[in-house]
Every structure is written in C-alpha cells, then in structure tokens.
Amino acid sequence: MNSLKPGSIFLISAIFRVGLILYGEWQDAHMEVRYTDVDYLVFSDAASLMASGQSPYKRTTYRYSPLLAFLLIPNSFIAASWGKFLFSASDLFVGLFIRIILKQRKVPDHLCTYSMLIWLFNPFTFTIGTRGNCEPVVCAMILWIIICLINGNVVQAACWFGLIVHFRIYPIIYALPIILFLDPRFFQSGVKPLLCDWTSDQGKIRQINSQVTDQFDGVFSSFVLAFSSDYMDGNFYMRHCSIILLAQIQDIIFPSISTISILTMNVIFRFWKSSSPLVLVFCFAKDLVFCFFVQTVAFVAFNKVITAQYFVWFFCLLPLILPWTNMKFKWQGLCCILLWMGAQTHWLLWGYLLEFKGKNVFLQLWMASLLFQAANTFILIMLIRHHNYAPVFRQHTGLKTTQKKHE
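Description of the structure in this document. None of these values were measured; they are calculated from a predicted model. (Residues numbered from 1 in each chain as written. Predicted model: local features only at pLDDT ≥ 70, side-chain atom pairs only at ≥ 80, totals over all residues. Heavy atoms only, no water.)

Considerations on the nonpolar core
Alright, step 1. With 104 residues, the main nonpolar core has Phe43, Trp119, Leu143, Tyr174, Phe293, Phe311 and Leu317 as its most contacted residues.
Alright, step 2. In terms of residue count, the dominant contributor to this core is helix H7 (residues 135-150) (13 residues).
Alright, step 3. Contact partners of Leu143, with chain neighbours within four places excluded, come to Val94, Phe97, Ile98, Ile101, Cys316, Leu317 and Leu320. (Core = buried A, V, L, I, M, F, W, Y, C linked by side-chain atoms within 4.5 Å. Buried < 20%, exposed > 50% of the residue type's maximum accessible area, 1.4 Å probe, protein only. Helix = DSSP H or I, 4+ residues; strand = E, 2+ residues; numbered from the N terminus. Contact = heavy atoms within 4.5 Å.)

Structure below.
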C-alpha cells in the first residue's frame, strides 16, 4: 500500500470513472434498464431550458437550485454527459479534500491513503457521480467548509455554507454544530487556531466518558421503535407502511382508536426526527467532523424519506473519522459492514416486490424497515462507543495564562 502514490490513486480513480461514464452511455442505448439516473434527465432538460433563456422550473419535477441547471448548460452544446464528468470530478475532489484534512491533523501517510481509498473505490460513491447525481458536488463543498474552518477562514466558510444550503437544503443541519464549534477560546482575531494533532498512541486521546456512552445506549435503543422512514416514488418507507396497516385495522376494529393512533404516530415521528440529531450536536460539537458524521447518520436513518443517494452524505465523512476509532476491522468492523449490507438488501428486496411487482407486502416491508432501523441504530452506537473523542482545536497558551490571572 505504501508503494501507491496519491497521484497514481487519483489517476486510476479518474480513468475508472471515465470508463463507467462511457459504459453508461452504451448501456442506456442498448439495454432496457438505464444506467443514467432519472434525475440527470431532469437536470439536463432544465439546463436546456435555461440555455434558451427560459426558467428551469418549466421542467416538471425540477425542484433544485437554478445554479445546478446553470452548471449543466454545456450539456446542450458540448456533450450530454458533461454533467456526469463534472460530478465525477467533484467526486475526485472529495478524495483530495479527505487527504488534505487528514494531513493537516498530522495523520500518518498510510492511514491517509486507506481513507482516500475508502471513498474513491466505494461502489456506493463512484456510481452516484457517474450515473449523473449531483451529491458529490455537495460532499466536496462540505469538506471544503471543514478545511476553511480548520484554517481559521471563518468568513470564507460562512460564504460557502450559505451557497451549499442554497444548492441543497440538508446541510442546514450543520449550522448549530458550527456555531458551537466557533468557540472564542480557540478562534481569536488574526490568530490561526491551534490544531490537535493525531497521535499513534490512542491511549493518550481522551475517550468519551462511559456515562455519556451509557446514555446513548438508552436514547438510541428507543429510536429503534421510531417509525421514521418513508417511501414514495422510489423511496422505501416504514412510516407509510405502518399508517397503511393501521388504516386496514381501522376498517375492521376500533376505528376511533386507530385514527387517534395515526395522528399520535405522526407527532412522535416529528419529535424523534428533530431531537435525535440535537442530542449528538451538544455532545460532540468540539469534535466537529465526528459530530457532522453521527448527526448525518442520525438525520438519514431517522428521516421519513430515505434513498440510496442519501448514504453518500455520511460516506464522505466516514474516512475522516476512521483514524480516531479503536474498532478493529476484524471482527467488529466487518460484522458492522455485513450487518448494514444485509439489512439494507433485505429491505430493498421487499421494496422491489412492492414497487415493481405490485405485491401486497406492506407488513413484510414494515418489518424489514424496523430491522434496517435497528441495524443503523446499533452501528451508530458502536461507532460512538469506539470513537476516541478528539477536539479539533486546543486552547491558545496566552489565553490560558490570561484566564489564570483573572482567577
């Protein structure tokens, strides 16, 4: 692994992505199942409208920023796959930013290489960009915001944050942890913040207090019972299934109780969705990257709508936290991977039978969704328990001396 240079890794990754894009063009022309994401066709139509001087929102189902349509205007006069190359280039920038962030925190070179490979050769990530999904652009901008904050460029980070929230609304969830992260003890005018470097002796890094971890066991175990995923027009769901099942019960017995239950469930869904990320924010805000990661996992897992592309939101942050975990790949890490993949495959199977085969499998899909929810919750707890809590910054020595004098 040490023989692999970063330049070689990026070159291989770029060639691989170009090959996938070209293969996708062939598959679209010769096979019934298209490789290109259906959203990419929507993006392209909106860009074509903007190129002709019209509003991109004349394209039905286009619900994205006009900036996205503007970026894809070259689809109309250069090549229809322009956007795929743009998104794949953003994909490569994510790998570059991962390396930059880890090197700034003095992570050993071999760990930086492993972390880059986890992103660049992850099947979930390289297929997203080559199929024409814009999520790699969002991931790259989020990592660039982290780089700006690490370097003390708060104004630049604020500008990029405003842009990314306009481009894609979900990063608004990072506003609170960023505010808590901008502690005046670490950020002083005209002085670059002092980074806490990585150390190979993980015993020297202060681990999460066991009492906090025990609290998470109870909090997140209760989240297993929160019905919060939805599936409409391609999105697999759990809450929708439970409502349908209750509606069927309503036709048979206890109609009034069933109606009240449906209303109560909706209130519970909204409560869990809003409260679960907040718990994580106040616990881990100083360890900003890890806070972003667990907050995103909770947001995706407990959201009422979930699609495969949402997993990319936290996959871009996963390589940044692995150097600070004491979880061994064999066997704990491997078991978590297999559990997540198995639960997701089981979940997708019942969703396929419902959506494409039209079979009445609401009960089975609801149970599969509960299993997938439990798997996500368990893995999140495992990552928290095995993470070595490491604040990004340390306090300036001069400020410490000033505080002691006042005391």
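Structural notes on the environment of Leu371
Alright, step 1. Tracing the backbone through its elements, the reader meets Leu371 in helix H17 (residues 362-385).
Alright, step 2. Its relative accessible area of 43% is what places Leu371 among the partly exposed residues.
Alright, step 3. Residue contacts for Leu371: discarding those within four places in its chain leaves Ala343 and His346.

Quick notes on the packing of helix H13 (residues 288-301) against H17
Alright, step 1. Between H13 and H17, whose axes approach to 10 Å, the crossing angle comes to 170°. Looking at the two axes, H13 sits roughly antiparallel to H17. Of H17, the residues touching H13 (which contributes Phe290, Phe293, Val294, Val297, Ala298 and Ala301) are Gln373, Asn376, Leu380, Leu383 and Ile384. (Axes fitted to C-alpha atoms, helices over the stretch in contact; angles between N-to-C directions. Parallel < 35°, antiparallel > 145°, perpendicular 65-115°, else oblique.)

A short note on empty space enclosed by the protein
Space left empty within the atom packing is revealed by a probe, the size of a water molecule, rolled over the atoms.
Alright, step 1. The final tally for this structure, using the stated rule, is three cavities of 30 Å³ or more.
Alright, step 2. As a volume, the second largest cavity reaches approximately 40 Å³.
Alright, step 3. Around the second largest cavity, the lining residues are Arg105, Asp287, Val289, Phe290, Leu320, Ile321, Trp324 and His387.
Alright, step 4. Among the elements of the structure, H13 and helix H15 (318-321) are those that each provide at least two residues to the lining of the second largest cavity.
Alright, step 5. Considered class by class, the residues forming the lining of the second largest cavity number five nonpolar, one polar and two charged. (1 Å grid on protein atoms, 1.4 Å probe; cavity = no way out; pocket = protein on both sides within 12 Å on 5 of 7 lines; lining within 4 Å. Points joined across faces, edges and corners; volume = space filled by probe spheres on them. Nonpolar A, V, L, I, M, F, W, Y, C, P; charged D, E, K, R; others polar.)

As for the environment of His166
Alright, step 1. As for its position among the elements, His166 is in helix H8 (residues 154-167).
Alright, step 2. Along the backbone, His166 and Tyr64 are 102 residues apart, and their C-alpha atoms lie at a distance of 9.2 Å.
Alright, step 3. Those residues within four positions of His166 in sequence are excluded, and the remaining contacts are Ser65, Pro66 and Leu67.

Here we look at helix H2 (residues 38-51)
Because each turn of an α-helix spans 3.6 residues, side chains separated by three or four positions end up pointing in the same direction.
Alright, step 1. For H2, built from 14 residues, the straight-helix expectation of 20 Å at 1.5 Å per residue is met to within 8% by its first-to-last C-alpha distance of 20 Å.
Alright, step 2. Every buried residue belonging to H2 is among Asp39, Tyr40, Val42, Phe43, Ser44, Ala46, Ala47, Leu49 and Met50, and all of these are buried.
Alright, step 3. Between a side-chain oxygen at the N-terminus of H2 and the backbone nitrogen of Asp39 the separation is 2.9 Å; the capping residue is Asp37.
Alright, step 4. A positive backbone phi angle near 85° is found at Gly53, which sits one or two residues after H2. (Expected span 1.5 Å × (residues − 1). Polar contact = N/O pair within 3.5 Å; in protein donor to acceptor, adjacent residues only side chain to side chain.)

As for the side chain of Asp37
Alright, step 1. Its place among the elements puts Asp37 in the loop between helix H1 (6-30) and H2.
Alright, step 2. Within the structure, Asp37 has its side chain in polar contact with the side chain of Asn133 (distance 3.4 Å).
Alright, step 3. Beyond its immediate chain neighbours, meaning those up to four positions away, Asp37 contacts Arg131, Asn133 and Gln309.

With respect to unusual backbone geometry
Alright, step 1. A positive phi is found at Thr61, a non-glycine position, where the angle reads about 70°.
Alright, step 2. Looking at the element boundaries, Thr61 is found in the loop between H2 and helix H3 (66-71).
Alright, step 3. A positive phi angle is found at Lys106, which is not glycine, with a value near 60°.
Alright, step 4. Here Lys106 lies in the loop between helix H4 (82-104) and helix H5 (109-120).

Points about the pattern of salt bridges
Any two side chains of opposite charge can pair, so long as their charged atoms come close to each other.
Alright, step 1. In the structure shown here, the tally under the stated rule is nine salt bridges.
Alright, step 2. The residue Asp109 makes a salt bridge to Arg99 at a minimum N-O spacing of 2.8 Å. Residue Asp109 is found in helix H5, and its partner Arg99 is found in helix H4; the two are separated by ten residues along the sequence.
Alright, step 3. On the basis of relative accessibility, which here comes to 15%, the residue Arg99 falls in the buried class. (Salt bridge = Lys/Arg side-chain N within 4 Å of Asp/Glu carboxyl O.)

Observations regarding a nonpolar patch on the surface
Alright, step 1. Residues Ile12, Phe16 and Phe121 make up a contiguous nonpolar surface patch of roughly 240 Å² in combined accessible area.
Alright, step 2. Mapped onto the elements of the fold, Ile12 is located in helix H1.
Alright, step 3. Relative accessible area serves as the criterion here: at 45%, Ile12 is assigned to the partly exposed category. (Patch = residues over 30% accessible without salt bridge, like charges linked within 9 Å, V, L, I, M, F, W, Y side chains within 5 Å. Areas by Shrake-Rupley, 256 points an atom, 1.4 Å probe, with all protein chains shown as cover.)

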